[in-house]
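Notes for the structure review
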Amino acid sequence: MMKQHVMIILRVIILTALIVEIGSYVSFAADTNSAAEKLANKIEARYGKTVDLRANFTQTLLIEGFQTPMQSSGRVAIKKPGRLYRQYL
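Residues numbered from 1 in each chain as written. Predicted model: local features only at pLDDT ≥ 70, side-chain atom pairs only at ≥ 80, totals over all residues. Heavy atoms only, no water.

As a further point, take the overall build of the chain. In terms of helices and strands, the chain carries two helices and three strands. Burial statistics for the chain: of 89 residues in total, 12% are counted as buried. For the chain, long-range pairs separated by at least 24 residues make up 31% of all intrachain contacts whose partners lie at least 6 apart in sequence. On the chain, roughly 8,000 Å² of surface is accessible, and the fraction owed to carbon and sulfur atoms is 59%. (Helix = DSSP H or I, 4+ residues; strand = E, 2+ residues; numbered from the N terminus. Buried < 20%, exposed > 50% of the residue type's maximum accessible area, 1.4 Å probe, protein only. Contact = heavy atoms within 4.5 Å. Areas by Shrake-Rupley, 256 points an atom, 1.4 Å probe, with all protein chains shown as cover.)

Written out as structure tokens, the structure reads:
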């Protein structure tokens, strides 16, 4: 159950990152649809070829009412289909 929960969270994070990346590259010119479509196709093709992914991460958590942000970092590894490994340093 916990593994499925982590996988769902990871998928949401990856999808959010992809959406942010698409948004940062798309201009609001007249040809926005074709540029966005091309970028989405490139991302989808790259993801389709991806077998595994490894990354270092740093996250900052800002909690209302706390003066100092909480920071953590670590490593994450994803291997298709359905494997996830996280290590906090």
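Regular strands place side chains that alternate from one sheet face to the opposite one. Relative to strand β3 (residues 83–88), strand β2 (residues 70–79) is paired through six bridges, and the arrangement is antiparallel. The residue of β3 that forms the bridge with arginine 75 is glutamine 87. Where β2 folds back on β3, the antiparallel hairpin that results is connected by three residues, among which glycine 82 adopts a positive phi of roughly 80°. (Pairing = 2+ DSSP bridges.)

A separate point is the sheet that holds β3. Pairing in this open sheet of three strands is antiparallel, and the strands run β1-β2-β3 from one edge to the other. Strands at the two margins of the open sheet, each flanked by one partner only, are β1 (52–61) and β3. Across this sheet, the average inter-strand angle for adjacent strands is 20°, counted without regard to direction. Of the pairings in the sheet, the one linking β1 to β2 comprises 10 bridges and is antiparallel in character. Its bridge partner being in β2, threonine 58 is matched across the sheet by serine 73. (Axes fitted to C-alpha atoms, helices over the stretch in contact; angles between N-to-C directions.)

What follows concerns a nonpolar patch on the surface. A contiguous nonpolar surface patch, about 400 Å² in accessible area, is contributed by Leu61, Ile63, Phe66 and Met70. On the secondary structure map, phenylalanine 66 appears in the loop between β1 and β2. Overall, the relative accessible area of 58% leaves phenylalanine 66 in the exposed class. (Patch = residues over 30% accessible without salt bridge, like charges linked within 9 Å, V, L, I, M, F, W, Y side chains within 5 Å. Salt bridge = Lys/Arg side-chain N within 4 Å of Asp/Glu carboxyl O.)

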